[in-house]
Amino acid sequence: MKNLIVFALLLAVSTTFAQVKLEGVVRDSIGDPLELANVIAINQDTQKLDAYGITNPDGRYKLSVEKNAKYNIQVSYIGMRTGQAEVITKESAIIQDFVLVEDNTLDAVELVYEMPVTIKGDTIVYNADSFKSGTERKLGDVLDKLPGVEINDDGEIEVEGVKVGKVMVEGKEFFDGDSKLATQNIPANAIDKVEVLKNYAEVGQLGGVTNNQDNIAINIRLKQGKKNFWFGNVTAGGGTSDNDLLYLFQPKLFYYSPEYSINVIGDLNNIGEIAFTRRDYFNFTGGFRAPSRSSGTNIDLGSNNLGFLSLQNNRAKNINTKFGAANFSYSPKPTLDLSGFAILLSNRTDLTEISDVQFLDDASRDENKESNTRQRSDMAMLKFSAKYKPNGSNQLDYDVLARTSKESQDQFVLSSRVGDVSELESSSPFSINQNLNYYYTLNEKNIFALEVQHLWQDEDPFYNAILENDPTNNDNDLDDPINPSDAYDETASDLGFDRDQIQYDINQDKRVKSNQMDAKVDYWNILNQKSDVNFTVGTIYSKQDFDSNIFQTLDDDTDFNSTPTINDGLDTNDIAYTFTDVYAGAHYRLKSGIFTFTPGFSAHAYSAKNDQFDLDYTDNFFRLLPDFNMLIQLKKSERIIFNYDMQTNFTDVNQLARGLVLNDYSSVFSGNQELESALAHNFNLSYFSFNMFNYTNVSARLNYSKTVDRIRTNSELPLGSVIRVSSPYNSNLADESASANARVQKTMGKFRATATGNLSYTKYNQLVNDLPFANETYSQTYRGELRTNFKEAPNFELGYRYSIQDNDQGTQRTKFFTKAPSVEFDALILKSFTFKTDYSYNDFSDEEKTINSYEFWDASLAYKKDEDSKWEYEVKATNLLNTRSQNQSSVGTISVSATEYYIQPRFLTFRIRYEL
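Residues numbered from 1 in each chain as written. Predicted model: local features only at pLDDT ≥ 70, side-chain atom pairs only at ≥ 80, totals over all residues. Heavy atoms only, no water.

Got a minute to help me understand the overall build of the protein chain in this structure?
Broken down by element type, the protein chain carries six helices and 53 strands. Here the protein chain has a C-alpha radius of gyration of 30 Å; the compact-globule value for 916 residues is 29 Å, and the two agree. Overall size of the protein chain, expressed as C-alpha extent along the three principal axes, is 95 × 65 × 50 Å. For the protein chain, restricting intrachain contacts to residue pairs at least 6 apart in sequence, the fraction spanning at least 24 positions comes to 67%. As displayed, the protein chain has an accessible area near 40300 Å², and 53% of this comes from carbon and sulfur atoms. (Helix = DSSP H or I, 4+ residues; strand = E, 2+ residues; numbered from the N terminus. Rg over C-alpha atoms; globule rule 2.2 N^0.38 Å. Contact = heavy atoms within 4.5 Å. Areas by Shrake-Rupley, 256 points an atom, 1.4 Å probe, with all protein chains shown as cover.)

It is not clear to me how the sheet that holds strand β13 (residues 162-163) should be interpreted in this structure. Could you clarify?
Each strand in a sheet pairs with its neighbour through backbone hydrogen bonds, running either in the same direction (parallel) or in the opposite one (antiparallel). Sheet architecture is open: three strands sit in the order β11-β12-β13, paired in antiparallel fashion. Strands with a single pairing partner mark the edges of an open sheet, and in this sheet they are β11 (149-151) and β13. In this sheet, strand β12 (residues 157-159) lies alongside β11 in antiparallel orientation, the contact comprising three bridges. Considered in β12, the bridge of Glu150 is made with Glu158. (Pairing = 2+ DSSP bridges.)

Teacher, can you tell me more about the packing of aromatic side chains here?
Here the distance between the centres and the angle between the planes together describe a pair of aromatic rings. Considering all chains together, one arrives at 36 aromatic pairs under this definition. Seen in terms of ring centroids, Phe284 and Phe341 are 5.4 Å apart; in terms of plane orientation they differ by 80°. Their pairing is edge-to-face. One end of the pair, Phe284, is in the loop between α4 (278-283) and β21 (297-299); the other, Phe341, is in strand β23 (residues 336-359), and 57 residues separate them in sequence. As far as the burial class goes, Phe284 and Phe341 line up, both buried. Aromatic pair Phe595 and Phe597: ring centres 5.7 Å apart, planes at 5°, arrangement stacked. Among the residues examined, Phe595 registers a relative accessible area of 31% and is labelled partly exposed. The class for Phe597 is partly exposed, based on a relative accessible area of 27%. (Phe/Tyr/Trp six-rings, centres within 6.5 Å; stacked < 30°, edge-to-face > 60°. Buried < 20%, exposed > 50% of the residue type's maximum accessible area, 1.4 Å probe, protein only.)

Quick question: what am I supposed to make of the pattern of salt bridges here?
Any two side chains of opposite charge can pair, so long as their charged atoms come close to each other. Under the counting rule described, the total for this entry stands at 41 salt bridges. Here Lys48 and Glu792 are joined by a salt bridge, their closest N and O atoms 1.9 Å apart. Here Glu792 lies in the loop between β45 (771-788) and β46 (795-808) and Lys48 lies in strand β3 (residues 48-54), a separation of 744 residues in the sequence. On the basis of relative accessible area, Lys48 is assigned to the partly exposed category, the value being 34%. Of the residues examined, Glu792 reaches a relative accessible area of 58% and is grouped as exposed. Among the ionic pairs, Arg813 bridges to Asp808, the shortest N-O distance being 3.9 Å. The buried category is assigned to Asp808, whose relative accessible area is 16%. (Salt bridge = Lys/Arg side-chain N within 4 Å of Asp/Glu carboxyl O.)

Sorry, what's going on with the pairing of β3 here?
Remark: a regular strand shows side chains that alternate across the two faces of the sheet. In terms of burial, β3 is a largely internal element, six of the seven residues being buried. Taken together, the six bridges between strand β2 (residues 38-43) and β3 define a ladder with antiparallel strand orientation. Of the residues in β3, the one forming a bridge with Asn38 is Ile54. Taking the residues between adjacent antiparallel strands as the criterion, β2 and β3 are bridged by four residues, where Gln47 takes a positive phi near 55°.

What should I look at first to understand the environment of Gly286 in this one?
Mapped onto the fold, Gly286 is located in the loop between α4 and β21. Judged by its relative accessible area of 0%, Gly286 is buried. A C-alpha to C-alpha distance of 5.3 Å links Gly286 and Asp176, two positions 110 residues apart in sequence.

Looking at this model, I keep getting lost on the sheet that holds strand β6 (residues 83-88). Mind explaining?
Read from one edge of the open sheet, four strands run β3-β2-β5-β6, paired in antiparallel fashion. A strand with exactly one partner marks an edge of an open sheet, and here the two such strands are β3 and β6. Within this sheet the neighbouring strands show an average axis-to-axis angle of 20°, counted without direction. Relative to β6, strand β5 (residues 70-76) is paired through six bridges, and the arrangement is antiparallel. Each bridged residue has a counterpart across the sheet, and for Asn72 the counterpart in β6 is Glu86. (Axes fitted to C-alpha atoms, helices over the stretch in contact; angles between N-to-C directions.)

Explain the side chain of Arg499 to me, please; I cannot follow it from the model alone.
Mapping Arg499 onto the fold places it in the loop between α5 (489-494) and β30 (503-528). At a separation of 3.3 Å, a polar atom in the side chain of Arg499 contacts the main-chain carbonyl oxygen of Asp489. Dropping the residues within four chain positions of it, Arg499 is found in contact with Asn469, Pro471, Asn474, Asp475, Asp489, Ala492, Ser493 and Tyr504. (Polar contact = N/O pair within 3.5 Å; in protein donor to acceptor, adjacent residues only side chain to side chain.)

What is the right way to read a negative patch on the surface from this model?
Together, Asp547, Asp574, Asp611, Asp614 and Asp616 give the surface a local cluster of negative charge. Here Asp547 is to be found in strand β31 (residues 531-553). You can call Asp547 partly exposed: its relative accessible area is 34%. (Patch = residues over 30% accessible without salt bridge, like charges linked within 9 Å, V, L, I, M, F, W, Y side chains within 5 Å. Lys, Arg positive; Asp, Glu negative; His and termini not counted. Charge placed at Lys NZ, Arg CZ, Asp CG, Glu CD.)

Just checking my understanding: could you explain the environment of Arg787 for this structure?
Topologically, Arg787 is positioned in strand β45. The residues contacting Arg787, other than those within four sequence positions of it, are Asp144, Lys145, Lys750, Phe751, Arg752, Phe796 and Glu797. Among the polar contacts made by the side chain of Arg787, one reaches the main-chain carbonyl oxygen of Asp144 at a distance of 3.1 Å.

Any chance you could explain the nonpolar core here in plain terms?
Across soluble globular proteins, you tend to see nonpolar side chains buried next to one another. Core analysis: the biggest nonpolar cluster contains 82 residues, and Leu63, Tyr126, Phe174, Phe175, Phe323 and Ile343 have the highest contact counts within it. Dropping the residues within four chain positions of it, Tyr126 is found in contact with Pro116, Val117, Phe131, Leu146, Pro147, Val149, Asp192, Lys193, Val194, Val196 and Phe690. (Core = buried A, V, L, I, M, F, W, Y, C linked by side-chain atoms within 4.5 Å.)

In structure tokens, the structure reads:
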């Protein structure tokens, strides 16, 4: 690997010194500079496009071309006759100016090559072939080479640091709500153009009156041969590892026509290539957005999902996955569009991890844990959408999304403090989300919109834990030198359990039913070309019913309903929680030069009521929430955005329930019926620049939030114990968080360098054993990357990541460091063989020593006779160095953990891929 890195650096240096600058100015016939004119340089010897550029506001362009070469320079601009010039480069820079004249006839010069990048207003169009080298297999491989576009660690698309919210193919939605499915499955050879749509408006009628500054969509244009025909590929393969036989089957089929489209994706394998994770499932929005998202009210319905251990970068000890998805769109007539999708997911995952846990208040309770876990997840999601648009003034949308799942997690824990613990969690939740929107344009001055969303959700998590017990030492002290009591004895006494059993078999049933309606009506009055006013009337109604029960199973398999000695003897819950918000808002938008100001406010009448144990608690109040947005459009491709809003945050029913609840065997929780809302002040400042003159893309964000009356936790931990009893309260101390991130990317000929930095700070207050603790966390992550984009030569990517996790919990401070250099290399050899390899090294340490160092190396070699061949054969090796574990640090409310995760061993697979 060291030799590969040295070779890449030498290649970078030699190529850079072999180039020379070609620059100049493009003007019209009266001498005015032309911004966004396209300039390309075609090498006359190779007849290939060597460089391209776009003029800046002063009409300037700058290209990096080879020395001692002959070029045909072509300049194009809408409405102008294409200009051209023959240029012979030498050893020094060359200046070549152009004057374009108006011409409504066809250009006399035939443009053999398309511009790799063109900018049309808020749309950036990439010509995919200009960035391909022949080693790409999926959309993500292409997007990763486009300037300003990035695939993040979760497989999602980001443009200028903002996540892409929608991916379309030929204007038709592709699994609305997720970009990962597109990046991992759409074949690269089908892609003609990638259109990045900034300031994307979901509804065309509202494009001129709504704030879409952070709304980005991507539309994929297909090659001509891929329309009205099935395309895609089917991959099948197998192999061996140290212990198991391996298999994979991955069909990916697509059909697009003007009337309808069909996408079918499948993936069955036991090699850890997860097409869709459990986290992807729960993060998948389906394109749904709450009508009240900008009202200033945030009500959390809570999450009653199982406490699943998470995969680490899609790695675990063993992973068996089955995934199937289908997406369709159909336009029976021009005014009606129907679409939908179905996603099915089945995963079986084994995880092994070892954790060192340090507690903030008492080193005597520090714990070492080893856990072995088996997870089972069977999930399904279905969506249907209809859009009816009889004319340009009316549009009616309806969406329904249904989810259902069946999950379980068996976990065996060996704790240095508690001993052997066996845990079982299971759940079968389902939900139905419906959305109805109607948009009406009365005339060019008046626009109306109605948005209604309803959610019905039913969750039923079950928890069981079995802990070892010695009935003979129940009354001894925990620190008794001869026969100390068991770690769970005191908690069992608090819960009222029978302690004369050979084990503590504890169980909990929970049921949470949620019903929420969110609706609003908007009216826009366009005063003139530079200003408009928006009035909003809306409401949120939410009702949650929560039942729970803790019981013990005795040694004779009978159930024992105990009476706790704490929490007033309450260990069951039967609570109804109702929340309503009726609000009205007004916003005024004014454009003045490069500035756009949007001040506004919303007035809310809130009512929160819960009923439990024959006691009612109601909190009614009125609040005015201001907000402000300012856009500074410095240039067509450069802007600054400032946002401020005040937000009221409401909790969910779980925090209000007074009866005891087991979060797990080591955490007992009781809610607070009289919790109140929190008030947050949020500030955001962002900067974006997409400069095609000097090939530099810059994005930066600053965020600051201050929250008062936030709900925090008071935890009671007996001396030396790791089992806590906690309850929430409204903190009278403000919580603060701040973050800063920046990304700079610069392209120099065939080389692209990227530098990113992320800094974050959080401070929050809590009580531990009734003593105040201020928790502060400082996180830093820095990344550097250098990659090439040669059309015919091998390509490489060098990367380095350095992160610091600094945790100050008052009585102790811990620091963890991660250093991770990496290299990727791919080459098309003899136009038939594709070789890819990637290597990364990770050093995980604290302030004193390296805790663990580990490395990953993957490689593949594929053979495809030629570009038009239907068959491809591939040998792929995963984890060549047979690394067996990796590390991660995490911060809890009362502890800091350093965890080692065991992962899959070395895999070697042989694959056959057939292209339709």
